[in-house]
Amino acid sequence: MTESFLKYKYEKAGQGHLFKYWDTLSEDERQSFASQLSTIQDPAAFLSDVQEAIKYSSSLAESKIYKPLPTSICCSSTIDESKKTLSIWHHEGLKLISQSKVGIILMAGGQGTRLGSSAPKGMYNVGLPSGKSLFQLQCERILKLRQLASEEFSVPSHNVHLPLYIMTSKPTRAATEMFFTKHHNFGLEPNDVIFFNQGILPAVSMDGKQFLLGSKNSIVESPDGNGGLYKALHDNKILDDFHKRSIEHIHAYCVDNILVKVADPVFIGYSAINKYDIATKVVRKQDPSEKVGLIVLDANTNAPCVIEYSEISKELSEMKDPQDPNLLMFRAANIVNHYYNVKFLSEMIPKWISSRKYLPYHIAKKKIKYFDYVTGVTKNPETPNGVKMEQFIFDVFPSVKLSRFGCLEVQRSDEFSPLKNAPGSGSSCPETCRLEFLKRSTNWLLKWGAQVDHKDTLVEVDPSTSYDGEGLQFVKGKLYHDGDIL
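Computed from a predicted model, the values in this text were never measured in an experiment. Sequence order as written defines the numbering, with residues in each chain counted from 1. With the structure being a predicted model, the display of local features is reserved for residues of pLDDT at least 70 and the display and counting of side-chain atom pairs for 80 or more, all residues being used for whole-chain, interface and lining totals. As a rule here, side-chain values cover all heavy atoms of the structure and leave hydrogens and water aside.

Caption draft 1: Just the environment of Ile-166, in detail. Where helices and strands are cited, they refer to DSSP runs of H or I of at least four residues and of E of at least two residues respectively, numbered from the N terminus. Mapped onto the elements, Ile-166 comes out in strand β4 (residues 164-168). For each residue, the accessible area found with a 1.4 Å probe, counting protein chains only, is set against the maximum for its type, and the residue is called buried under 20%, exposed over 50%, and partly exposed in between. Exposure remark for Ile-166: the relative accessible area of 0% places this residue in the buried category. Along the primary structure Ile-166 and Ile-247 are separated by 81 residues, whereas in three dimensions their C-alpha atoms are 16 Å apart. Contacts are assigned to residue pairs that have any heavy atoms within 4.5 Å of one another. Once residues within four sequence positions are removed from consideration, Ile-166 is found in contact with Leu-106, Ala-108, Thr-176, Phe-180, Val-193, Ile-194, Phe-195 and Phe-196.

Structure, rendered in structure tokens:
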């Protein structure tokens, strides 16, 4: 694209301010800026999409009628199911893993900005006795799962492949790869660790009418949200790699959940046996103000969908279950922990990424550091001054037939403790993650007959020792102290 045509496109879209300092830039700076601007094929169309997103986000909760998902069709619970059923699911999931038919997508595009760190969030150490990062804990769970599948089905461990596809973003890619290289992929084979980037989108002014400058020769950009996963899978030819490896089932999750059961065989087996195209894990919402999306039914279309916490009305969030007033009516909290059937993904992704019908833009009002082209000064606002665009991974749920959509409730204390907030904030922070991880480990030991020297003692069970509390017979009758590591 020529320089003159690039300027013409943006000026026609009312974005002439981007070129105020163009004549003062070096040749390299102009080329870099032009390259960045060229990634937006039609700036006027994008700004039109922004206006639609502003309207969409403000009216979403009011425009539809929601109901809880019908339990008789697509909902199950690991809390209520019989041990026999759970065992069947676990056996099937482990068998598929032993056959190398399962792959993992780790969504790791976020930085630890709210944690006071610019490093990728997966590198964070919450203060466990072992000092292990989130990345290390999750990779070691994969190794343990491969061992369990190998032993259960008498398959040589080197023949059990459970590839890890890591979706990074432009700001996190280099640091993430370097971290994995430094730690020798935490024991995983290099060929089974695949990195790919999610997309990026420009930030705009609060009214959605102007692109924001980050400097004289750049615009502000940010990752396109977890909904960018689908386009990233397509653009980076990850779907082709699934087929090349004969992968039929995918587990996708976010890096910040320290309790995540990576490639959980119970979840994989549950989804495969029921022939679901997409399934999701949920936990019970704790209180009306908790910032989690809710899996619900769109009563108008009879399709599964999610109401994001930023878009749910106060009235809806506080509604009580008429059968049990101690429970919220809408309580199936989405923890971004999903199963995908690969055949379904391959068929649907081209449709999803070609239309805003399936993946609309959402807006997030943010305090965005920007370059003020009027004064020539970089500013750090104290209140939200702009809008970042993002897509949500769950917006494709309505395209799934209700009979092919699964919703599995799991115990929060076993499977969900996200790392989102700064140290000392009191919730979803390093301290709570550390506590919930160690509580789960300690409870495993106590169930196997171990003893602890104090009621507040917390012991760390390493993923290489146990994936989900299994195989701990050796602890019976032994005494453990606070900070011990098994």
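Caption draft 2: Focus on the sheet that holds strand β18 (residues 362-366). An order of β7-β21-β18 is seen for the three strands of this open sheet, with the pairing classed as antiparallel. In this open sheet, the two strands that pair with only one neighbour each are β7 (204-205) and β18. As paired elements, β7 and strand β21 (residues 386-390) share two bridges and run antiparallel to each other. Following the sheet pairing, Val-204 is matched in β21 by Val-387. At least two DSSP bridges between two strands are needed for those strands to be called paired.

Caption draft 3: Highlighting the pairing of strand β5 (residues 193-197). Taking burial as the measure, the five residues of β5 include four buried ones, the bulk of the element. Handedness of a crossover: with both strands directed away from the viewer, a clockwise path from the first strand across the helix to the second marks it as right-handed. Handedness of the β-α-β unit built from β4, helix α7 (residues 173-182) and β5 comes out right-handed.

Caption draft 4: Molecular detail of helix α1 (residues 3-12). Turning to α1, its buried residues are Leu-6, Lys-7, Lys-9 and Tyr-10. Within α1, the buried residues cover an arc of 160° as seen down the axis, which keeps them to one side. With respect to the buried face of α1, the exposed residues turned more than 90 degrees away are Ser-4 and Lys-12. Backbone geometry just after α1 places Gly-14 at a positive phi near 80°. Along the arc lie the directions from the helix axis toward the C-beta atoms.

Caption draft 5: View of the domain arrangement of the chain. By the assigned domains, the chain splits into domain 1 (40-420) and domain 2 (427-485). Put simply, the middle of domain 1 and the middle of domain 2, counted by C-alpha atoms, are 28 Å apart. Each side of the interface is counted separately: domain 1 has 27 residues, and domain 2 has 21 residues. Two parts placed together each lose some accessible area under a 1.4 Å probe, and adding up what both lose gives the buried area. Interface area for domain 1 against domain 2, summed over the two sides, is near 2,100 Å², with a carbon-plus-sulfur share of 62%. Among the residues of domain 1 in contact with domain 2, Pro-129, Arg-141 and Lys-144 are the three that bury the most area, contributing 25% of the side total. By salt bridge we mean one thing: a side-chain nitrogen of Lys or Arg within 4 Å of a carboxyl oxygen of Asp or Glu. Counting across the domain 1 and domain 2 interface gives two salt bridges. Here Asp-468 makes a salt bridge to Lys-261, at a shortest N to O gap of 3.1 Å. By the criterion applied in these results, polar contacts are pairs of N or O atoms within 3.5 Å in which, for protein atoms, one can donate a hydrogen and the other can accept it, and in which residues neighboring in sequence qualify only through two side-chain atoms. Connecting domain 1 to domain 2 are 10 residue pairs in polar contact (both at pLDDT 80 or more). Secondary-structure elements contributing two or more residues to the side of domain 1 that touches domain 2 are α6 (134-153) and α13 (412-415). Broken down by class, the residue content of the side of domain 1 that touches domain 2 amounts to 15 nonpolar, four polar and eight charged. Either an automatic procedure or a domain database provided the assignment from which the domain bounds are taken. The residue classification treats Ala, Val, Leu, Ile, Met, Phe, Trp, Tyr, Cys and Pro as nonpolar and Asp, Glu, Lys and Arg as charged. All others, Gly included, are polar.

Caption draft 6: Geometry of the side chain of Ser-205. As for its position among the elements, Ser-205 is in strand β7. If near-sequence neighbours (up to four positions away) are discounted, Ser-205 is found in contact with Gln-210, Leu-212, Asn-385, Gly-386 and Val-387.

Caption draft 7: Seen up close, the packing of aromatic side chains. Each pair of aromatic rings taken from Phe, Tyr and Trp, with Trp reduced to its six-membered ring, is defined by centres within 6.5 Å and is described as stacked if the planes are under 30 degrees apart, edge-to-face if over 60, and tilted in the remaining cases. One pass over the full model with this rule turns up 23 aromatic pairs. Each ring, one from Phe-267 and one from Tyr-270, has its centre 6.5 Å from the other, and the planes form 15°; the classification is stacked. Linking Phe-267 with Tyr-270, this pair stays in helix α10 (residues 265-273), spanning three residues, or about one helical turn. For the pair formed by Phe-267 and Tyr-270, the shared burial category is buried.

Caption draft 8: Local environment of the side chain of Asp-264. With respect to the element layout, Asp-264 can be found in the loop between β11 (249-254) and α10. Overall, the relative accessible area of 5% leaves Asp-264 in the buried class. Discounting chain neighbours no more than four positions away, the residues touching Asp-264 are His-251, Lys-281, Glu-415 and Tyr-467.

Caption draft 9: Broad picture of the pattern of salt bridges. Under the definition given, this model contains 27 salt bridges. We note a salt bridge from Lys-95 to Glu-92, for which the minimum N-O separation is 3.5 Å. Here Lys-95 and its partner Glu-92 are both found in helix α5 (residues 83-98), three residues apart, which amounts to about one turn of the helix. Note on Lys-95: relative accessible area 29%, which makes it partly exposed. Bridged by salt links that share partners, the residues Lys-261, Asp-264, Lys-281, Glu-415 and Asp-468 form one connected network.

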